[in-house]
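# Close look at the chain arrangement
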Amino acid sequence: MNNKFRLYKRCAEFYDDLYTGEKLSKKQLNRIRKVKKALFVKNIYNFDCPQATDNWYIIRDRYYDIEEYESKNTRKQLRKSLSVYEYKRINKQEMLSKGYQVYVDSSTRFKKKAKAFFSMDEYYSYIQKGFDEGREFWGGYDRATGEMAMWEEIYIKGDMVVENKERLSYRFTKHNPTYGLNHEIAKHYLTERGYRYLNAGSRSFDGHSNVQNFLIDKLQFRRAYCQVQLYFPQPLRSLIILGYPFLWLLRFFPYPTVSSIFKMILATKLSI
């Protein structure tokens, strides 16, 4: 059971094929928290349930030919993207030699400081670890120049393919390569390799909902609703319950991680 969870920002979160999640007892949740040395536990179960809940993941479980996309604009963007860019798996040497510049450019694209979150050495360590863990990387290349325009990190758990991290250079946004990359990834993993679904992340609590809306509106991803258990140990749990009527104030807290945790508490209602 413990190998289905990972420690992320002091949270022991479910980290496996979402269809395999099960409801756990308080005793089981607390054991996971202790093993992972976490502040709290987030467990997922009853994934892709028919009733709408306050928690969901953005998934895609079928491949669409270009003519099957509902949006005329999406079909147009896809054709253009596929004509301007070439998409393919990237080996480690390519990611180490060319991926870092895309990483730096992506920070500028989002109007952040030009300095990337990772130094070059930290980036190399991240990529090396990713390949050591069996992760896969895809890239979009400008056909005219051969330059890498974007890359995306993929990892696989059971029948689930997770689109984990995407970086797009600000120099290649005119003909958005994101359309073509998502199209080719869906074709490769859902059709050619037979995986059940792509997972593009859970409900956003920290301001990334525009990306999720783009995937739903343009690329025909969908919400897969689920149940969530959010477990805090005592006495922290009692303190949170007592202060529950005032938690909404913490959405304005200046630290994004803290703000996100409390937004998640509000959404899950500490369900166990």
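In the block above lies the structure referred to throughout.
Worth saying up front: this structure is predicted, and the values here are computed from it rather than measured.

## A word on the overall build of the protein
Tallying secondary structure elements over the protein gives eight helices and eleven strands in all. Considering only contacts within the protein whose residues lie at least 6 apart along the sequence, 70% involve residues at least 24 apart. In the structure as shown, the protein presents an accessible area of about 14,600 Å², 51% of it carried by carbon and sulfur atoms.

## Quick word on empty space enclosed by the protein
By the definition in use, this model includes one cavity of 30 Å³ or more. Its boundaries defined by the atoms lining it, the largest cavity holds a volume of some 50 Å³. Along its surface, the largest cavity is lined by ten residues, and Lys 42, Asn 55, Trp 56, Ser 202 and Arg 203 are the ones closest to its centre.

## Side note on helix α1 (residues 26-36)
Think of an α-helix as 3.6 residues a turn; residues three or four steps apart then line up on the same face. Within α1 the residues assigned to the buried category are Leu 29, Asn 30, Ile 32 and Arg 33. What you see down the axis of α1 is that its buried residues fit within an arc of 155°, all on one side. When the buried face of α1 is taken as reference, the exposed residues oriented beyond 90 degrees from it are Lys 27 and Lys 34. If you follow the buried residues of α1, they end up packed against β1 (5-8), β2 (11-14), β3 (40-45) and β11 (227-231). Just beyond α1, the residue with positive phi is Lys 37, at close to 55°.

## Side note on the packing of aromatic side chains
If you walk through the whole model with that rule in mind, you get 22 aromatic pairs. With a centroid separation of 6.0 Å and 80° between ring planes, the pair formed by Trp 56 and Tyr 225 is classed as edge-to-face. Of this pair, Trp 56 sits in strand β4 (residues 56-60) while Tyr 225 sits in strand β10 (residues 222-225), placing them 169 residues apart in sequence. Here the two residues Trp 56 and Tyr 225 agree in accessibility, since each one is buried. Taking 6.5 Å as the distance between ring centres and 55° as the angle between the ring planes, the aromatic pair formed by Tyr 123 and Trp 151 counts as tilted. Note that Tyr 123 is positioned in helix α4 (residues 120-132) and Trp 151 in strand β7 (residues 148-157), a separation of 28 residues in sequence.

The rules behind the values
- Residues numbered from 1 in each chain as written.
- Predicted model: local features only at pLDDT ≥ 70, side-chain atom pairs only at ≥ 80, totals over all residues.
- Heavy atoms only, no water.
- Helix = DSSP H or I, 4+ residues; strand = E, 2+ residues; numbered from the N terminus.
- Contact = heavy atoms within 4.5 Å.
- Areas by Shrake-Rupley, 256 points an atom, 1.4 Å probe, with all protein chains shown as cover.
- 1 Å grid on protein atoms, 1.4 Å probe; cavity = no way out; pocket = protein on both sides within 12 Å on 5 of 7 lines; lining within 4 Å.
- Points joined across faces, edges and corners; volume = space filled by probe spheres on them.
- Buried < 20%, exposed > 50% of the residue type's maximum accessible area, 1.4 Å probe, protein only.
- Arc of directions from axis to C-beta.
- Phe/Tyr/Trp six-rings, centres within 6.5 Å; stacked < 30°, edge-to-face > 60°.

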